[in-house]
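# Examination of the molecular architecture
Here are the chains, one letter per residue:
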Amino acid sequence: YRGILYVGYKFDDEWSLNTEVEFEHGDESYLEFAYVDYLPKATDGKLGARAGLLLLPFGIINEQHEPILFHGVYRPWVENKLLPTTSRENGVGLFGSLVENKINYKLYYVTSWKYPGAAKAGNTMRNFRGKGSQTVSNEFATIGRVPYNINNKNMIGFSIYDGNINPDSSVANYKVNDARTSVRMISAFTKGEMYGIEYAALYHENRFSHVKRLNDTLSGAANTKFGKKQIGYYYEVAKDIGKYINSSWYIAPFFRYEFLDF
């Protein structure tokens with residue numbers, strides 16, 4: 001189903017390269033990320049710079065989007081359709097850790113979402129992903145993520161994405177100089193463990209401006225087009241019961257509830 005090849009190189013104590021190639025479904029191959037990091041000794045981890053094909057730092061799972069970060073086989077639908085995994089774009093960014101590593105921040109400037117295509121429906125953000133190779137660079141976006149580590153088991157955080165939708169030369173009714181649709185994506189989330197119960201929760205909103213301009217280029221019926229606002233949330237709880245059944249294995253039944261409104 002999926003095979004991953006990671007290749008990295010540490011040039012010295014400040015410069016490093018990280019790349020990942022992914023083979024999926026027997027007939028697809030992707031460059032998942034490829035970037036150079038510069039982390040000066042003088043900043044003591046508080047400020048670094050990054051450039052290349054970057055995984056977008058939003059929500060809980062986009063940057064680390066496979067188990068064991070979440071329970072079950074499939075990713076939460078909110079973080080698959082509204083916060084579309086796996087999203088990556090070309091750009092540059094800053095990152096670092098503050099307050100004795102309690103706050104880890106990332107702030108990127110990247111190529112923005114691409115036009116989704118005339119036949120696409122307004123029930124997913126996945127069609128906006130350019131994956132680095134398909135995005136034109138007429139428009140750029142700013143994205144940031146700040147989690148706060150309450151302790152070594154619990155964190156809370158938020159992320160925000162703000163950018164225009166890149167035009168597509170194949171769409172006759174979408175001109176480069178027209179008023180463009182933009183989208184702001186806002187998430188608040190928490191994850192951790194308390195009293196032996198693992199938990200995760202996320203609330204997310206997508207807010208479109210000039211959404212009529214986008215919808216006018218879509219060929220589907222009105223009820224398949226994009227609304228001004230999309231919202232979604234989920235929560236998940238799990239409990240490791242291995243020790244209760246005399247097993248050294250981690251065995252964690254879980255419950256997840258999700259709500260999506262496109």
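Quick note: structure is the one above.
First things first, this report covers the structure right here in the doc. No experiment lies behind these values; they were computed from the predicted model shown.

Scoring rules and cut-offs
- Residues numbered from 1 in each chain as written.
- Predicted model: local features only at pLDDT ≥ 70, side-chain atom pairs only at ≥ 80, totals over all residues.
- Heavy atoms only, no water.
- Core = buried A, V, L, I, M, F, W, Y, C linked by side-chain atoms within 4.5 Å.
- Buried < 20%, exposed > 50% of the residue type's maximum accessible area, 1.4 Å probe, protein only.
- Helix = DSSP H or I, 4+ residues; strand = E, 2+ residues; numbered from the N terminus.
- Salt bridge = Lys/Arg side-chain N within 4 Å of Asp/Glu carboxyl O.
- Pairing = 2+ DSSP bridges.
- Axes fitted to C-alpha atoms, helices over the stretch in contact; angles between N-to-C directions.
- Phe/Tyr/Trp six-rings, centres within 6.5 Å; stacked < 30°, edge-to-face > 60°.
- Lys NZ or Arg CZ within 6 Å of the ring centre and 35° of its normal.

## So, the nonpolar core
- Membership of the largest hydrophobic core comes to 32 residues, with the highest contact counts inside it found for W113, F128, Y161 and V183.
- At the level of secondary structure, the elements contributing two or more residues to this core comprise β3 (28-38), β4 (48-55), β6 (103-111), β7 (140-149), β8 (155-164), β9 (182-194), β10 (197-209) and α2 (211-215).

## Some details on the pattern of salt bridges
- One pass over the structure, following the stated rule, counts twelve salt bridges.
- Across the salt bridge formed by R184 and D162, the nearest N and O atoms sit 2.6 Å from each other. Note that R184 is positioned in strand β9 and D162 in strand β8, a separation of 22 residues in sequence.
- Among the residues examined, R184 registers a relative accessible area of 37% and is labelled partly exposed.

## Things to note about the sheet that holds β10
- Ordered by their spatial adjacency, twelve strands build an open sheet running β1-β2-β3-β4-β5-β6-β7-β8-β9-β10-β11-β12, and the pairing between neighbours is antiparallel. Edge strands, defined here as strands with exactly one partner in the open sheet, are β1 (2-10) and β12 (254-261). Looking at each pair of strands side by side, their axes are set apart by 10 degrees on average, direction ignored.
- Looking at chain direction, strand β5 (residues 88-98) and β6 are connected through eight bridges and run antiparallel. Each bridged residue has a counterpart across the sheet, and for S97 the counterpart in β6 is N104.

## Quick look at the packing of aromatic side chains
- Taken as a whole and judged by the stated rule, the model has eleven aromatic pairs.
- With centroids separated by 4.9 Å and ring planes inclined at 70 degrees, the aromatic side chains of Y9 and F11 adopt a geometry described as edge-to-face.
- The rings of F128, F208 and F226 are connected pair by pair, giving a single aromatic cluster.
- In this structure, R50 is placed above the aromatic ring of F95, and the distance from its NZ or CZ to the ring centre is 4.1 Å.

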